[in-house]
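# Structure assessment
Listed here are the chains, written in short residue letters.
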Amino acid sequence: MKSNYEQLYEYAYSLLENSTPLRTDCGILCNKKCCSGDSETGMLLFPNEKTTLGVIEKGGRSLAVCSSSCKRNERPLSCRLFPFFPVIDEKGNVSVKIDFRGFGICPLVEHRNAIIFSQRFLHRVRKVGEILSRDEQCRNFMKEISDEIEQEEKVISMLLK
């Protein structure tokens, strides 16, 4: 019998199945940089998310690490959302923002103003965020990451002035 979290993540994964930020494989633009981690870098795991990839603990968080050869259907949620994140505000409203922590890795972050992103993908990321925000641990995690993204956004906007 699957745990509530296993069911939750399976549903979230299914919403994002065959949905990507662009209508084509964005990995072509950067030679799949986001999939080229090492033993010290990785993608955040959501609370109680399980993965078949290696996991390291860094800064009190669990990161999935890969060597560019994982099976697409086994990717953690952060990989499926990248370079976006479903942010949550103080009122609990979910929206989607680009994750500026991907700057320097992902050309979609760097050229975000010149790209037309898939509205289907963005809608699904928001839907996943709304579903996950119903769980207290996921909601708290999303708030924490949302605050970090907001801080990064402020720094980037100050640098671009």
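Below is a short write-up of the structure.

### Quick word on the overall build of the protein chain
For the protein chain, the count of helices and strands is six helices and five strands. In sequence order, the secondary structure elements of the protein chain are arranged as α-α-β-β-β-α-β-β-α-α-α. A compact globule built from 161 residues would reach a C-alpha radius of gyration of about 15 Å, and the protein chain, at 15 Å, matches this within 12%. The dimensions of the protein chain, computed from C-alpha atoms along their principal axes, are 50 × 40 × 35 Å. The 161 residues of the protein chain split such that 40% are buried. For the protein chain, restricting intrachain contacts to residue pairs at least 6 apart in sequence, the fraction spanning at least 24 positions comes to 65%. Working note: accessible area of the protein chain is about 9,700 Å², and carbon and sulfur atoms make up 50% of it.

### Some words on unusual backbone geometry
With an omega of 5°, the peptide bond running from Phe-82 to Pro-83 counts as cis. Relative to the helices and strands, Pro-83 resides in the loop between helix H3 (77-81) and strand S4 (84-88). Of note in this structure, Asn-18 is not a glycine but carries a positive phi near 60°. Residue classification places Asn-18 among the exposed residues on the basis of a relative accessible area of 67%.

### Notes on a nonpolar patch on the surface
On the surface, Val-155, Met-158, Leu-159 and Leu-160 cluster together into a nonpolar patch covering about 450 Å² of accessible area. Mapped onto the elements of the fold, Leu-159 is located in helix H6 (residues 136-159). Using a relative accessible area of 64% as the deciding quantity, one classes Leu-159 as exposed.

### Looking at the sheet that holds strand S2 (residues 54-58)
An order of S1-S3-S2 is seen for the three strands of this open sheet, with the pairing classed as antiparallel. The open sheet terminates on both sides in strands that have one partner only, identified here as strand S1 (43-44) and S2. Pairing geometry for S2 and strand S3 (residues 61-65), over five bridges, is antiparallel. Looking across to S3, one finds that Val-55 is bridged to Ala-64.

About the thresholds
Residues numbered from 1 in each chain as written. Predicted model: local features only at pLDDT ≥ 70, side-chain atom pairs only at ≥ 80, totals over all residues. Heavy atoms only, no water. Helix = DSSP H or I, 4+ residues; strand = E, 2+ residues; numbered from the N terminus. Rg over C-alpha atoms; globule rule 2.2 N^0.38 Å. Buried < 20%, exposed > 50% of the residue type's maximum accessible area, 1.4 Å probe, protein only. Contact = heavy atoms within 4.5 Å. Areas by Shrake-Rupley, 256 points an atom, 1.4 Å probe, with all protein chains shown as cover. Patch = residues over 30% accessible without salt bridge, like charges linked within 9 Å, V, L, I, M, F, W, Y side chains within 5 Å. Salt bridge = Lys/Arg side-chain N within 4 Å of Asp/Glu carboxyl O. Pairing = 2+ DSSP bridges.

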